[in-house]
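# Overview (structure and organization)
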Amino acid sequence: MVHVVLLFLLLSAGSVFAEEKLLTAKEILQNMVKAMAESDYQGTVVFLKNDKLEAMKYFHTASNNKEQERLLSLNSPPREIVRNSDEIKCLYKLTRQVIIDHRPYEHSFIVDAPKNLDELDASYRFDVVGEEDVAMLPAFVVAIEPKDDFRYVRKIWVAKQQFLPLKAVVFGPNGLVLEQVIFTEIQVNKQTQPVNTIAAAKSLLDSPETPIAAETAQAAFELTALPKGFKEIFFSRKPLRKTSGQPVDHLLLSDGFASVSVYLEAKQDNAAADSGVPEGMHTVGAVNSISRNLADAQLTVLGEVPASTVKFIAENVKLRNATAP
Amino acid sequence: MVQLMQDNMNEKISRLIDGDLDHAETLQLLKKIQTDESLRLKLWRYQTISQTLKSDVNCHAGSDFSRKVFQDIQQEPPHFLPQISQAKTLPQTPKTQQQHGRMWLAVAASTVAAAVLVAQAIRNEQNTGNIQSITAMASPQLALPASYPSSTNSKPVNRRPLNTQFNEYLQAHNSSVYINGEAEFQPYARVASFGRE
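Residues numbered from 1 in each chain as written. Chains lettered and ligands numbered in written order. Predicted model: local features only at pLDDT ≥ 70, side-chain atom pairs only at ≥ 80, totals over all residues. Heavy atoms only, no water.

## Overview of the overall build of chain B
Looking only at helices and strands, one finds nine helices and one strand in chain B. Each helix (α) and strand (β) of chain B, taken in turn from the N terminus, gives the series α-α-α-α-α-α-α-α-α-β. Buried positions account for 34% of the 197 residues belonging to chain B. Total accessible area on chain B is roughly 11,800 Å²; 59% of this is exposed by carbon and sulfur atoms. (Helix = DSSP H or I, 4+ residues; strand = E, 2+ residues; numbered from the N terminus. Buried < 20%, exposed > 50% of the residue type's maximum accessible area, 1.4 Å probe, protein only. Areas by Shrake-Rupley, 256 points an atom, 1.4 Å probe, with all protein chains shown as cover.)

Written out as structure tokens, the structure reads:
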């Protein structure tokens, strides 16, 4: 009888193991995207971005196909950031001011993974490279490895039960960690109501929500070549800098995981030159940027990609009519 | 009051590691650290945490590592130069030739060891940012952990956002500046005050 029970347990364990093995890396990531959109969860998250370390309380609610993300800072300056669909509100509690921004191309503060991973086959390999515990939860370790040198290696730790992302890391050359987002504790399916703490600001706004997207054809520049897998996602022409009201052309490119922005604006006069981006390469965490003069305009390309990628893109930008925006 | 000063000092050490202190503040803080063992240990702990978070790898060395190396060097008898001059002036007997060979073997081994240490220091430099140049300038004899490289920074790129335009571009690029609390009020973003009493 004991043998029969042992055999049954072994078979059960074997079947569970086989079920886990059946999940490919892509399936795990697809489950993750679905779980992120449908689950209520909250916890404490540590962000390492742009060489800065931040710990924040995180809340995610999903109801009626609407998601809300909310971040509460644990350190100064005290602030609250709320994402409702494509709108981000950042409330600075000391000054009692709120910034309202629109980002139709972003979906999550934790991991922005594309829904259709098959489109990324030309650029990335997806592999399950192990299992580890994060925030005391067992997780699949999914490696997203580029097939060329135009992007960074990423790893995402996905909870085995809930399929929520527990940790995401962007690795530079030699395995150096450039960016990291990690839950230190997480509670899933904890019912929380979507907050509306900064709705009061809404009534003070004198203008309706302003869509800012424009046609790419309006851009003063065009790209003669792009690294494989990168697509044009979003274009806008708007005053970008508070120090000058002149419009800046902004084109956002993405390969699904990595994004690159191309900015073109008329060159600044000498008085404002000290606040401009100096020519050449710059690096902040995972972000590389390159800036150069293009006729009477200044071109800046930046993104979470290797320096060679922003250089390649910058070298393939040309003005349409040899005039800045 | 004491607690407030301590919190202030902790914040300054944290900002030093992040590279957020200006030049004058950095020099002032490093002078204090040089004379205060507890601050030195605190700096070392903060740096260790930061390095571990960034690289998942930590080179563990005591806070008095560089002091011990310095003391050992001071106590080391001057072997090489006198022997070299002696070897040049004395006739080359088989014994002196053998000693000469050993000496060059030791020099070669030392050179290889130095090359390995320099390579490790360059690798570590990627983890520690630009703090090392400020540290070296402020106090060459400061007993810092071994993870602080001592070589000069030879990176071809700048590793910090140097001006407001870069930050404005970064803010338009993604929401990381909101997370970092560095978001500025942009002309394209709508700004409102609320609940002002």
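## Re the overall build of chain A
Scanning chain A from terminus to terminus reveals four helices and 19 strands. Within chain A, the fraction of its 325 residues that count as buried is 52%. A fraction of 49% describes how many contacts in chain A between residues 6 or more apart in sequence connect residues 24 or more apart. For chain A, the accessible surface area stands at approximately 15,000 Å², while carbon and sulfur atoms represent 54% of it. (Contact = heavy atoms within 4.5 Å.)

## Some thoughts on the environment of A:Phe126
All names here are of chain A. Checked against the element boundaries, Phe126 lands in strand 7 (residues 124-134). Expressed as a C-alpha distance, the spacing of Phe126 and Val142, which sit 16 residues apart in the sequence, is 6.9 Å. Setting aside anything within four residues of it in sequence, one finds Phe126 in contact with Ala25, Lys26, Leu29, Leu117, Leu120, Asp121, Ala143, Ile144 and Phe257.

## Examining the environment of A:Asn288
Residue and element names in this part refer to chain A. Tracing the sequence through the fold places Asn288 in strand 17 (residues 287-294). Given a relative accessible area of 5%, Asn288 falls into the buried group. The spacing of Asn288 and Val260 is 28 residues in sequence and 9.3 Å in space, taken between C-alpha atoms. A polar contact of 2.7 Å, which involves the side chain of Asn288, links it to the side chain of Thr283. (Polar contact = N/O pair within 3.5 Å; in protein donor to acceptor, adjacent residues only side chain to side chain.)

## Let's talk about helix 4 (residues 307-315) of chain A
Along helix 4 of chain A, the positions that sit buried rather than exposed are A:Thr309, A:Val310, A:Ile313 and A:Ala314. Down the axis of helix 4 of chain A, the buried side of the element spans an arc of 130°, and every buried residue falls inside it. (Arc of directions from axis to C-beta.)

## Structural notes on the sheet that holds strand 17 of chain A
Residues and elements named next belong to chain A. Here six strands make up an open sheet; going across it, the order is 13-14-15-18-17-16 and the pairing antiparallel. Taken across any chain shown, the strands that pair with only one partner, and hence form the sheet edges, are strand 13 (231-239) and strand 16 (280-284). Within the sheet, the average angular offset between the axes of one strand and its neighbour, ignoring direction, is 15°. In this sheet, strand 17 lies alongside strand 16 in antiparallel orientation, the contact comprising five bridges. (Pairing = 2+ DSSP bridges. Axes fitted to C-alpha atoms, helices over the stretch in contact; angles between N-to-C directions.)

## A word on the nonpolar core
The biggest cluster of nonpolar side chains holds 77 residues, and the ones touching the most others in it are A:Leu29, A:Phe47, A:Phe126, A:Ile156, A:Phe257, A:Val262 and A:Val301. A total of seven residues in this core trace back to one element, the largest contributor, which is helix 2 (residues 25-38) of chain A. Both of domain 1 (22-205) and domain 2 (221-319) of chain A provide at least three residues apiece to this core. Apart from residues lying up to four places away in sequence, A:Leu29 is in contact with A:Leu117, A:Phe126, A:Val142, A:Ile144, A:Ile156 and A:Val158. Ranked by size, the runner-up nonpolar core spans 12 residues in total, among them A:Tyr263, A:Val277, B:Phe166 and B:Tyr169. (Core = buried A, V, L, I, M, F, W, Y, C linked by side-chain atoms within 4.5 Å. Domains from an automatic or database assignment.)

## What to know about unusual backbone geometry
All names here are of chain A. Look at the link from Ser76 to Pro77: it is a cis peptide, with omega at -5°. Following the sequence through the fold, Pro77 ends up in the loop between strand 3 (66-73) and strand 4 (79-84). In this structure, Ser85 is a non-glycine residue whose phi angle is positive, near 50°. Turning to its location among the elements, Ser85 is positioned in the loop between strand 4 and strand 5 (87-92). Classification of Ser85 as partly exposed rests on a relative accessible area of 48%. Backbone geometry places Arg96, a non-glycine residue, at a positive phi of 55°. Assessed through its relative accessible area of 33%, Arg96 is described here as partly exposed.

## Comments concerning the pairing of strand 5 of chain A
All names here are of chain A. The buried fraction of strand 5 amounts to six of the six residues, a majority that puts the element mostly inside the structure. Going residue by residue along strand 5, you find Glu87, Lys89 and Leu91 tucked away on one face and Ile88, Cys90 and Tyr92 tucked away on the opposite face as well. Hairpin connection, strand 4 to strand 5: the antiparallel pair is bridged by two residues, and Ser85 has positive phi, about 50°. Sheet analysis places strand 5 next to strand 6 (residues 97-102), joined by six bridges and oriented antiparallel. Along strand 6, the bridge assignment pairs Leu91 with Val98.

## Regarding the pattern of salt bridges
All names here are of chain A. Counted according to the given criterion, the structure contains 22 salt bridges over all chains. Residue Arg151 pairs with Asp255 through a salt bridge whose shortest N-O separation is 3.0 Å. With a gap of 104 residues between them, Arg151 in the loop between strand 8 (137-146) and strand 9 (153-159) and Asp255 in the loop between strand 14 (247-254) and strand 15 (259-266) connect regions that are remote in the sequence. Residues Arg151 and Asp255 agree in their burial class; the two are buried. Because the salt bridges share partners, they merge into one network encompassing Glu69, Arg83, Asp101, Arg103 and Glu106. (Salt bridge = Lys/Arg side-chain N within 4 Å of Asp/Glu carboxyl O.)

## Quick notes on helix 8 (residues 164-173) of chain B
By the criterion of burial, helix 8 of chain B is predominantly enclosed, with nine of the 10 residues buried. Where helix 8 of chain B is concerned, the buried positions are B:Gln165, B:Phe166, B:Asn167, B:Glu168, B:Tyr169, B:Leu170, B:Gln171, B:Ala172 and B:His173. Contact partners of the buried residues in helix 8 of chain B: strand 14, strand 15, strand 16, strand 17 and strand 18 (297-303) of chain A together with helix 9 (176-180) of chain B.

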